[in-house]
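Letter by letter, the chains look like this.
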Amino acid sequence: MTSDVLTERAYAELVAHHAPDGVIISGPDRLTLWVNPAFTTQTGYTIADLRDKMAVDVLRGPETDRNCLQHIDIACSHRREIQTELQLHARDGRVFWVELKVTPVFDAAGVHTHFISHMRDITERKRLEQQNDEMRQAEELRQSERQLLALTSEWLYSAKSFDELLMVVQRAMHTLIPEADGALYIYGASRSTLDLATSWGSVPDFPPHILPDECWALRRGRAYAYGLKPIQFTCDHVPKPGTPYFCLPIIAHGETIGLLHIIFDGFEENGLMRHMRDDVLRNRWDVSLICAEQISLAIANVRLRQELHDKSMRDALTGLWNRRWFMDRALREFATAESQGHGAGLIMLDVDHFKAFNDRFGHDAGDLVLREVGAILSRVASDKIHPCRLGGEEFVLLCPDMAVADVAALACRIRGALQALRLTVAGTELPQVTASAGVASFPDHGRSVEDVLKAADQALYLAKDQGRNCTVVA
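The notes below deal with the structure included here.

Reading the values: rules and limits
Residues numbered from 1 in each chain as written. Predicted model: local features only at pLDDT ≥ 70, side-chain atom pairs only at ≥ 80, totals over all residues. Heavy atoms only, no water. Pairing = 2+ DSSP bridges. Helix = DSSP H or I, 4+ residues; strand = E, 2+ residues; numbered from the N terminus. Axes fitted to C-alpha atoms, helices over the stretch in contact; angles between N-to-C directions. Contact = heavy atoms within 4.5 Å. Salt bridge = Lys/Arg side-chain N within 4 Å of Asp/Glu carboxyl O. Buried < 20%, exposed > 50% of the residue type's maximum accessible area, 1.4 Å probe, protein only. Disulfide = S-S within 2.5 Å.

Hydrogen bonds between backbone groups are what pair the strands of a sheet, and the pairing can be parallel or antiparallel. Read across the open sheet, the five strands follow the order β2-β1-β5-β4-β3; overall the sheet is antiparallel. Because the sheet does not close on itself, it has two edges, and the strands there are β2 (32-35) and β3 (82-89). Strand-to-strand twist of the sheet, defined as the mean angle between neighbouring strand axes without regard to direction, takes the value 25 degrees. Judged from the five bridges that link them, strand β1 (residues 22-26) and strand β5 (residues 112-121) form a sheet pairing that is antiparallel. Its bridge partner being in β5, S26 is matched across the sheet by F115. Strand contacts of helix α5 (residues 66-77): β3, β4 (95-106) and β5, with the helix running at about 135 degrees to β3, the strand carrying the most contacts. Lying on the sheet, helix α6 (residues 123-158) is in contact with β3, β4 and β5; it crosses β4 at an angle near 125 degrees.

Encoded structure:
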């Protein structure tokens, strides 16, 4: 029996001294009485450092979960076993994770005599868990970005006009890259400057115009990222040198038509650790490249759609709106006039003796006359005056919110401008161009577009009967 007891004690000592987990034996007051060698290896502390101290007080650090410590205190005060995971500090300052199990020990009489604490080092497991969490979060971020990019693409390709497209760009870029401000520049008609089309974020001083040679991206013909390379130079159009930014050319049908500029204002190195800042910038660079490509395709799509729309709504010879456009616009303007209680005028204009131009001088002469009439009408066009070619030598001008007298005066001015034309074809001077005009208005001469148009047409025929080259009000 004695031999068995001795053997059991020997085995217990072997386990206590050679077990890989740290072991702490403390009294009912939780003051340390003994630690095994594995504990010293884990923490760097010996029994001399911990005697008559609570081990957890010595090992705790700023990263240690205060709520977890409180749960341990409560369990020990109630003499209950507790198992938890805890972040602690070793003697050399190293931070490590342990799986801690605190077990109360009772004697044969049921008196609480000790606590035995087992500490298993789980630092490597926690590191792998953290890596997995970071990978999962990164994948979730990529999934979210892909969904946002797909949604952005859908909205961009749904835009019917350039204004709608700019609205989508503004909202989408602010959502996709919330850390950055940005602007979209489009080449002007002369292609000597790029004009600010829209901007987003908090930067108030994007220049309204930039020159092509002020931007390294436009000069080099490819996207440029400032803040990610060891050798880099600031573009002249950037108002705040030293701030990370991207410049991405917008290309449609092989032609550079604009520039997407994204700037990370307030994104200095003291705000983020260097490697974190670089990681964020690289991610945003990839997103920006995709956005620039989608915006390029969307602008090309809008331009093509606008060209097709203009071809279907414009007269090919004169460039004026055609009959289809006139009928749609007149319906809307008459409805607006009725709801707001104002009028809308029409001028029917017909070139006098137009057949003679074709018969005597050829169709080239007739086309020249019509183009010049169209040019004069285009010069008087405005938000309140919409000239259209109905067909042949007949033209109509839609004049919303204009009094009949003002509409008639406009018709006379147009006729005067036509009379002043001096046209030649193949060296032959053409006869003087004159026109007859009929004026009518809504609601005085009708409640529908057809009725007012008919009234203006009847006034026009009356002008013809009165000798042409005059204006008649219905």
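Let's pick the thread back up.
What follows concerns the pattern of salt bridges. Per the counting criterion, the structure on display carries 20 salt bridges. For R329, the salt bridge is made with E333, and the minimal N-O distance between the two is 2.9 Å. One end of the pair is R329 and the other is E333, both in helix α10 (residues 323-340) and four residues apart, which spans about a single turn. A salt bridge links E338 to R447, with the shortest nitrogen-to-oxygen separation between them at 3.1 Å. Residue E338 is found in helix α10, and its partner R447 is found in the loop between β17 (435-442) and α14 (449-465); the two are separated by 109 residues along the sequence.

Tracing the chain through its elements places Q83 in strand β3. On a C-alpha basis, the gap between Q83 and D444 in space is 92 Å, while along the polypeptide they are 361 residues apart. Apart from residues lying up to four places away in sequence, Q83 is in contact with E99, L100 and K101.

Looking at where V287 falls in the secondary structure, it is placed in helix α9 (residues 274-313). On the basis of relative accessibility, which here comes to 4%, the residue V287 falls in the buried class. For V287 and L31, which are 256 residues apart along the polypeptide, the C-alpha to C-alpha distance reads 57 Å. The residues touching V287, leaving out its near neighbours within four places in the chain, are E145, L149, L176 and I177.

This part takes up the state of the cysteines. All chains considered together, the criterion is met by zero disulfides. C76 takes part in no disulfide bond, and the closest cysteine sulfur, belonging to C68, lies 11 Å away. Using a relative accessible area of 6% as the deciding quantity, one classes C76 as buried.

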